[in-house]
Amino acid sequence: PVAQGDALRCKGTAAPQLGNSILAEYGVTVFEEMSRLAAQYDAVNLGQGFPDSDGPEDIRDVAAQALVLGPNQYPPMMGVPELRKAVAAHEERFYDLPTDWQTETIVGSGATEMLASALFALINPGDEVVLIEPLYDSYLPIIRRAGGIPRVVTVTSDNGWELDM
């Protein structure tokens, strides 16, 4: 084997591809770029929800105690039932949207994870997926990873923000 960068290869063979070529399209996310610019110009970053403080001490104490007392195992695949019940109750209370916590709620660790889960569940290889641009920067690599074919429709002020289908 011959060392080449961080990878080893046999003499006479092409260097192996490191990482996933589709997911590498993520590059720098819009959140990273906005955070960098806000720091560079000493500006308020409205592109991401950064808290102003660490939060109330009594709530942090309860959270710390929960870590010490457990449980500290993986949650059920759909999320912790108590949290799913709270989400369903919130939907009904604030949006007058009756929601069955057992069949209509799922809890994940973040928006991009949940978007990926939904798109992987719905897209079959070869499916065409219509996207309206401007769009969230994670859609294209997720759709391509699922085997979908993105079909982007751009809306701009030039066309009166109308869909040109």
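One can find the structure itself at the top, above this paragraph.
Source: prediction; values computed, not measured.

**Student:** Give a detailed account of the overall build of the protein, specifying residues and quantitative values.
**Tutor:** Helix and strand counts for the protein come out as five helices and four strands. Across the 165 residues of the protein, 15% fall into the buried class. Excluding contacts between residues fewer than 6 apart, the proportion of contacts in the protein whose partners are at least 24 apart in sequence is 27%. Surface exposure of the protein reaches about 12,900 Å², of which carbon and sulfur atoms provide 58%.

**Student:** With reference to specific residues and values, describe the nonpolar core.
**Tutor:** If you look at the biggest cluster of nonpolar residues, it comprises eight residues: Ala116, Leu119, Ile123, Val129, Leu131, Ile142, Ile143 and Ala146. Listed by contribution, the elements that provide at least two residues to this core are α4 (111-122), β3 (128-133) and α5 (139-145).

**Student:** How would you summarise unusual backbone geometry if you had to cite specific residues and measurements?
**Tutor:** With an omega dihedral of 15°, the bond running from Glu133 to Pro134 counts as a cis peptide bond. Examined against the element boundaries, Pro134 turns out to sit in the loop between β3 and α5. If you check the backbone angles, Asp42 has positive phi at about 50° while not being a glycine. One non-glycine residue, Trp161, lies in the positive phi region at around 60°.

**Student:** Before we move on, can you summarise the pairing of strand β4 (residues 149-154) with the specific residues and values?
**Tutor:** Bridge analysis of β3 against β4 gives six bridges, and the strand direction is parallel. Within β4, the position partnered with Ile132 by the bridge is Val153. Running through α5, the crossover from β3 to the neighbouring parallel element β4 is right-handed.

**Student:** For the pattern of salt bridges, give the residues involved together with the corresponding values.
**Tutor:** With the rule as written, the count across this model stands at two salt bridges. With its nearest N and O atoms 2.8 Å apart, the salt bridge here joins Arg36 to Glu33. Here Arg36 and its partner Glu33 are both found in helix α1 (residues 30-40), three residues apart, which amounts to about one turn of the helix. Assessed through its relative accessible area of 30%, Glu33 is described here as partly exposed. Where Glu128 meets Arg151, a salt bridge forms, and the shortest distance between an N and an O atom there is 2.8 Å. Here the residue Glu128 occupies a position in strand β3, and Arg151 occupies one in strand β4, the gap between them amounting to 23 residues.

**Student:** How would you summarise the environment of Gly108 if you had to cite specific residues and measurements?
**Tutor:** Within the secondary structure layout, Gly108 lies in the loop between α3 (81-95) and α4. Beyond its immediate sequence surroundings of up to four residues, Gly108 is in contact with Glu113 and Met114.

**Student:** Now, about a nonpolar patch on the surface: what can you tell me, with residues and values included?
**Tutor:** Taken together, the side chains of Val30, Phe31 and Met34 define a hydrophobic patch exposed on the protein surface, amounting to about 220 Å² of accessible area. Note on placement: Val30 falls in helix α1.

So, how was this worked out
The residue numbers shown here count from 1 along each chain, following its written sequence. Two thresholds apply to this predicted model, a pLDDT of at least 70 for residue-level local features and 80 or more for giving and counting side-chain atom pairs, whereas whole-chain, interface and lining totals are computed over all residues. Heavy atoms from the whole structure form the basis of all side-chain values; hydrogens and water molecules are not counted. Comment: elements are numbered from the N terminus, with helices defined as DSSP H or I runs of at least four residues and strands as E runs of at least two. Only protein chains enter the calculation, and the probe is 1.4 Å; a residue is then buried if its accessible area is under 20% of its type maximum, exposed if over 50%, and partly exposed in between. Whether two residues are in contact is decided by their heavy atoms: any pair within 4.5 Å suffices. Per-residue accessibility takes into account occlusion by the displayed protein chains alone, with areas from the Shrake-Rupley method and a 1.4 Å probe. Buried Ala, Val, Leu, Ile, Met, Phe, Trp, Tyr and Cys residues form a nonpolar core when they are joined through side-chain atoms within 4.5 Å. For two strands to be treated as a pair, DSSP must find at least two bridges joining them. A right-handed crossover is one whose linking path, passing over the helix from the first strand to the second, runs clockwise when the strands point away from the viewer. The working definition used for a salt bridge is a side-chain nitrogen of Lys or Arg within 4 Å of a carboxyl oxygen of Asp or Glu. Each patch is built from residues lacking any salt bridge and having more than 30% relative accessible area; the joining distance is 9 Å for like charges and 5 Å for nonpolar side chains (Val, Leu, Ile, Met, Phe, Trp, Tyr).

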